[in-house]
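# Commentary on secondary and tertiary structure
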Amino acid sequence: MYEPAPPRPKKTDIVRSRNGCQSCRKRRTKCDEGKPACGTCVRLGIVCESVKLDLKFRVVTALPPKKTGAKTEPAEPDSSRLGLQLFGQHSRSSQIPNINLVHSLQHTDRDVFYSTYWEDHCLPALHPIFRSASELLGFPALKDAILALSSCNISRIYAERKYSTSFPTMGTLSPNLIHQTRSQLYYSSAIKRFISLTQDDYRNNATEVLTILVIFGYIEASMGNFDGYYCHVQGLSAFLVELRETTGDPMFRALLTSWLQSQFLVWWARAYFSSLDVQRNMPSIAFPRVLEGSSGSLDDLRAVALSILCESHRLNVKETLKHWKDQTDFELALASDLQSDRDDTEGRLARLQDESKRLDEWLLSLPPSEQPLVGDASETSPIFFQAHDAALNFAYYVVARIMQCTSFLHNLPCRDAQHLGSECLEIEPWARLLLRIVQGTDMQMSIIRNNYTIGFSGLLLAASLRCQDLSLGMQIEKWLQTLEDKQPTEEGAFPVYQTLAVVKVINRQRTMGRDVFGVSQPMDDGGGMPKFTHYNSQMITTILVHGKWRATGDLFTECIDLQ
């Protein structure tokens, strides 16, 4: 028989702490668990408090027994409206990973991971004022909001391949579900903390509150949740009414500038993929007086450029699309309607002139460091800038000029043979300039840095609808195709493949001698549903194209199947 093995000799005198005291845990030092006080606390002369186990109980309700032959739906978690949408009809077709999401949300290492990602990847795409916001992480609601936006960003940058899709126009990729789920949990926590604040909290932490509301807006804009976004618009507007005396503060001005940029992003997302009626009645976004005469920084210049771009676009599209009726009548508007609209036309042209003067002033205030670099004088070579943001700002300037070309608006209804096919002659040099700017930028940088503003793909779509040069249109299509091949998700918070599909339709129509000057949805969907499991909020399978026959000058509307 074997005898019992002798005990192993003790290799070290180190006492391994299972619990330790609170002081040692905070200092990340080993605790000898001495009683009534450990050696470290005695040496430092501080109170030694033992760690108490924090037991948490939860109520688990058993699922009802399955009935034979009956279909059952997964139980919805008790969460916010956004959480319900996440686990609702859009995700029932896909399996949710079997992970402890609540535990992952509370895990400190994950907070550190998303905080690091925020600093390295999110901040470069946002207004510099958010670098100061990173120093306010002691405010719990703000910390959760930052982590929600960070995890939302990484979920959309690192896509997953879908196993199958019922709608080809929805694309073959979906956002990373694990990061997206954590984002919604962080967001839900931020909302709960935010609504628990008192009026005194709002007054004493006004900067933090405004920062949180701006980040909330960016989250909803990234997800294409228009209802949620406008809910925060109302909340922020009401908050600013109570803080009129502080809106001149530099930090408040910077946050308002950032907030304004998100408004233009959401506005642009509705500018094309909506009904004719919606496009002709797009609201104007007023530029706050408090931001007038600002410092002239790159971000201030961007806010002004976006304001001019969107207002010029609104006036141009309203004047252009008045020649086509909505989905109930595809014929040219009656002459009496055009006559009654003449006064409105003169008013819109006058306002376009005002926007043109604003743009002249903007260009004069542009510092040399933000202007194009001197290089090849060729009319086809790419144009480069010192920084990506400078290139994007100048692209806004160019597209605003395209929208301010009134010769197109005068020539559009004309059937005179000398104008047919040349209605956009004044615009095409600007469209070519835009393409050269885009070609001089890095595509991967565009995907990462244009998350929270209007991107190049949306600008190229606008240019495609205001040029008749087929070769130029094919170059735009080629750039978009290359972008899709590189990272087929979204740029400027909008799906690249959806923009590319429409540009292809425009070019195909152009090869048939039909110039397209507008696109719309047969029936408006209000912007669709939030983009939880896909990259476009709208399930667009058909679009209406509104154009003009080059040979006869007749206007037409045709329904095109994108599939």
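A short tour of the structure in this document, coming up. (Residues numbered from 1 in each chain as written. Predicted model: local features only at pLDDT ≥ 70, side-chain atom pairs only at ≥ 80, totals over all residues. Heavy atoms only, no water.)

The final tally for this structure, using the stated rule, is three cavities of 30 Å³ or more. Contributions of two or more residues to the lining of the largest cavity are made by helix H10 (206–223), helix H11 (226–241), helix H12 (250–269), helix H21 (456–464) and helix H23 (496–511). No other element matches the four residues that H12 contributes to the lining of the largest cavity. For the lining of the largest cavity, the class distribution of residues is 15 nonpolar, 12 polar and three charged. (1 Å grid on protein atoms, 1.4 Å probe; cavity = no way out; pocket = protein on both sides within 12 Å on 5 of 7 lines; lining within 4 Å. Points joined across faces, edges and corners; volume = space filled by probe spheres on them. Helix = DSSP H or I, 4+ residues; strand = E, 2+ residues; numbered from the N terminus. Nonpolar A, V, L, I, M, F, W, Y, C, P; charged D, E, K, R; others polar.)

The residue Ile 437 is located in helix H19 (residues 428–439) in this model. Residues in contact with Ile 437, not counting those within four places in the same chain, are Ile 383, Phe 385, Ala 391, Phe 394, Ala 395 and Val 398. (Contact = heavy atoms within 4.5 Å.)

If you trace the three strands from one edge of the open sheet to the other, you get S3-S4-S5, paired in antiparallel fashion. Unpaired on one side and paired on the other, strand S3 (514–520) and strand S5 (555–561) mark the two borders of the sheet. On average, each strand axis in the sheet is inclined to that of its neighbour by 35°, with strand direction left out of account. In this sheet, strand S4 (residues 542–549) lies alongside S3 in antiparallel orientation, the contact comprising six bridges. When the sheet's bridge partners are listed, Ser 520 is paired in S4 with Leu 544. Along the sheet, H23 makes contact with S3, S4 and S5, crossing S3 at roughly 150°. (Pairing = 2+ DSSP bridges. Axes fitted to C-alpha atoms, helices over the stretch in contact; angles between N-to-C directions.)

Looking now at the pattern of salt bridges. Going through the model one piece at a time under the given rule, you end up with 18 salt bridges. For Arg 432, the salt bridge is made with Asp 469, and the minimal N-O distance between the two is 3.0 Å. Of this pair, Arg 432 sits in helix H19 while Asp 469 sits in the loop between H21 and helix H22 (470–486), and the two are 37 residues apart along the sequence. When salt bridges with common partners are traced through the structure, they connect Arg 156, Glu 490 and Lys 531 into a single cluster. (Salt bridge = Lys/Arg side-chain N within 4 Å of Asp/Glu carboxyl O.)

Direction vectors running N to C along H10 and H12 enclose 15°, while the axes themselves pass 10 Å from each other. In terms of orientation, H10 and H12 fall into the roughly parallel class. In terms of crossing hand, the pair formed by H10 and H12 is left-handed. The segment H10 lies against H12, with Ala 206, Thr 207, Leu 210, Thr 211, Leu 213, Val 214, Gly 217, Tyr 218 and Ala 221 engaging Met 251, Phe 252, Leu 255, Ser 258, Trp 259, Gln 261, Ser 262, Leu 265 and Val 266. When its residues are assigned to classes, the contact of H10 with H12 shows 12 nonpolar, six polar and no charged. (Parallel < 35°, antiparallel > 145°, perpendicular 65-115°, else oblique. Left-handed = near helix turned anticlockwise from the far one by under 90°.)

The next thing to look at is H23. Between its first and last C-alpha atoms H23 spans 23 Å; for 16 residues at 1.5 Å apiece the expected length is 22 Å, and the two agree. Of all the 16 residues making up H23, 12 are buried; the element is thus mostly covered by neighbouring parts of the structure. Within H23, the full set of buried residues consists of Val 496, Tyr 497, Gln 498, Thr 499, Leu 500, Val 502, Val 503, Val 505, Ile 506, Asn 507, Gln 509 and Arg 510. On its buried face, H23 sits against H21, H22, S3, S4 and S5. Immediately beyond the C-terminal end of H23, within one or two residues, lies Gly 513, with a positive phi of roughly 80°. (Expected span 1.5 Å × (residues − 1). Buried < 20%, exposed > 50% of the residue type's maximum accessible area, 1.4 Å probe, protein only.)

Here the focus is the nonpolar core. Among the nonpolar cores identified, the biggest contains 141 residues, and Phe 130, Tyr 272 and Leu 459 are the most heavily contacted of them. Looking at this core, the element that brings in the most residues is H12, giving 13 residues. Leave out the neighbours within four places in its chain, and Tyr 272 touches Gln 279, His 313, Met 403, Leu 461, Ala 462, Leu 465, Val 519 and Ser 520. One finds Cys 21, Cys 24, Cys 38 and Cys 41 within the second-largest nonpolar core, a separate group that totals five residues. (Core = buried A, V, L, I, M, F, W, Y, C linked by side-chain atoms within 4.5 Å.)

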